Amino acid sequence: IEQAVRTMPASSHGLVWVCDFNGFSMQSVSLSMARAVIAVVGEHYPERLSLFLMVNAPFIFLPLWRTVKPIIDPNTANKACFLRSVDATRACLRELCHLEGAEWIMDELIANLQRPMSHAQSPAGWWCPPTECDAHDSRGFPSYTETYLCSERVVRGDFTCGHRLHPSIELAIGGDPLAPGPATPAVEAKVKGCCPRVK
């Protein structure tokens, strides 16, 4: 959420959270996790959430929603929207986002359905660019990755206009996510490798 807030245009104040419930099952049910997420969003970002889109939620999700909804602030609960079809999801996203963002989210939802999962969608590879020119980039849509992940300043470790990589990514590629300041050389080298236009 913090990264989204840092990259929002000054004229924007709210976030649309798209949650893909593909693969959700009874084993996924965790009331304690649901309460924790609700508490964090409600206590720390009470006015940031504009809309919560729940995509691909199976019918078994509805009883969980009915259990959790009474403990959610009514204003927050009213921001929840279930999208059950591809057409409804695409129409909603096109209404809410610019076309590039809407199409990227649709491509991401489709990529999440693929089994076996591609390397680009896996925890080990989602932060690297696709190897094929026209393939889906799981890091974000083109103007986002160019501005916030591949700019010269970000590669040099200057995160004042972009943002740091997620701490788990830095840790996975040899950096110290708790270290203040610029990215470590290992992280910088990996970022350069993920942004071929940056020399």
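Above this text is the structure in question.
Residues numbered from 1 in each chain as written. Predicted model: local features only at pLDDT ≥ 70, side-chain atom pairs only at ≥ 80, totals over all residues. Heavy atoms only, no water.

Things to note about the overall build of the protein
The helix and strand inventory of the protein stands at 10 helices and 3 strands. The order of α-helices and β-strands along the protein, N terminus first, is α-β-α-β-α-α-β-α-α-α-α-α-α. Scored against the burial criterion, the 199 residues of the protein give a buried share of 35%. Expressed as a percentage of contacts within the protein between residues at least 6 apart in sequence, the contacts between residues at least 24 apart total 61%. As displayed, the protein offers around 12000 Å² of accessible surface, 61% of which is attributable to carbon and sulfur atoms. (Helix = DSSP H or I, 4+ residues; strand = E, 2+ residues; numbered from the N terminus. Buried < 20%, exposed > 50% of the residue type's maximum accessible area, 1.4 Å probe, protein only. Contact = heavy atoms within 4.5 Å. Areas by Shrake-Rupley, 256 points an atom, 1.4 Å probe, with all protein chains shown as cover.)

Considering the side chain of Asn112
Following the sequence through the fold, Asn112 ends up in helix H6 (residues 99-113). Judged by relative accessible area, Asn112 falls into the buried class, the value being 19%. There is a polar contact of 2.9 Å between the side chain of Asn112 and the side chain of Gln121. Apart from the residues within four sequence positions on either side, Asn112 is in contact with Asp20, Asn22 and Gln121. (Polar contact = N/O pair within 3.5 Å; in protein donor to acceptor, adjacent residues only side chain to side chain.)

Section: the pairing of strand S1 (residues 15-20)
Note that S1 and strand S2 (residues 49-55) share 6 bridges and pair parallel. By the bridge assignment, Cys19 is partnered in S2 with Met54. (Pairing = 2+ DSSP bridges.)

Observations regarding the sheet that holds S2
Overall, parallel pairing links the 3 strands, which are arranged S1-S2-S3 in an open sheet. Edge positions in the open sheet fall to S1 and strand S3 (80-83), since each of these has one partner strand only. The sheet shows a mean angle of 20 degrees between the axes of neighbouring strands, direction not considered. Sheet strands in contact with helix H3 (residues 61-68) are S2 and S3, and its direction is about 175 degrees off that of S3. (Axes fitted to C-alpha atoms, helices over the stretch in contact; angles between N-to-C directions.)

Some words on the nonpolar core
With 16 residues, the main nonpolar core has Leu53, Leu83, Leu93, Ile105, Leu109 and Tyr144 as its most contacted residues. Elements with a contribution of two residues or more to this core: S2, helix H5 (86-96), H6 and helix H7 (142-149). Among the elements that take part in this core, H6 stands out by supplying 5 residues, more than any other. In contact with Leu93, other than residues within four places in its own chain, are Val18, Leu53, Ala102, Ile105 and Met106. Membership of the second largest hydrophobic core comes to 14 residues, among which are Val41, Leu49, Met54 and Trp65. (Core = buried A, V, L, I, M, F, W, Y, C linked by side-chain atoms within 4.5 Å.)

Some thoughts on unusual backbone geometry
Backbone torsion omega between Arg115 and Pro116 reads -5 degrees, so that peptide bond is classified as cis. Tracing the sequence through the fold places Pro116 in the loop between H6 and H7.

Some remarks on the pattern of salt bridges
Where charged atoms from two side chains of opposite charge come close, those side chains can pair. Enumeration according to the criterion identifies 2 salt bridges in this entry. Note that Arg139 and Asp137 form a salt bridge whose closest N and O atoms lie 2.7 Å from each other. (Salt bridge = Lys/Arg side-chain N within 4 Å of Asp/Glu carboxyl O.)

Focus: H5
An α-helical turn contains 3.6 residues, so any two residues separated by three or four positions project in the same direction. If you check which residues of H5 are buried, you get Thr89, Cys92 and Leu93. The buried residues of H5 occupy an angular sector of 95 degrees when the element is viewed end-on, so they sit on one face. For H5, exposure combined with an orientation more than 90 degrees from the buried face picks out Asp87 and Glu95. (Arc of directions from axis to C-beta.)

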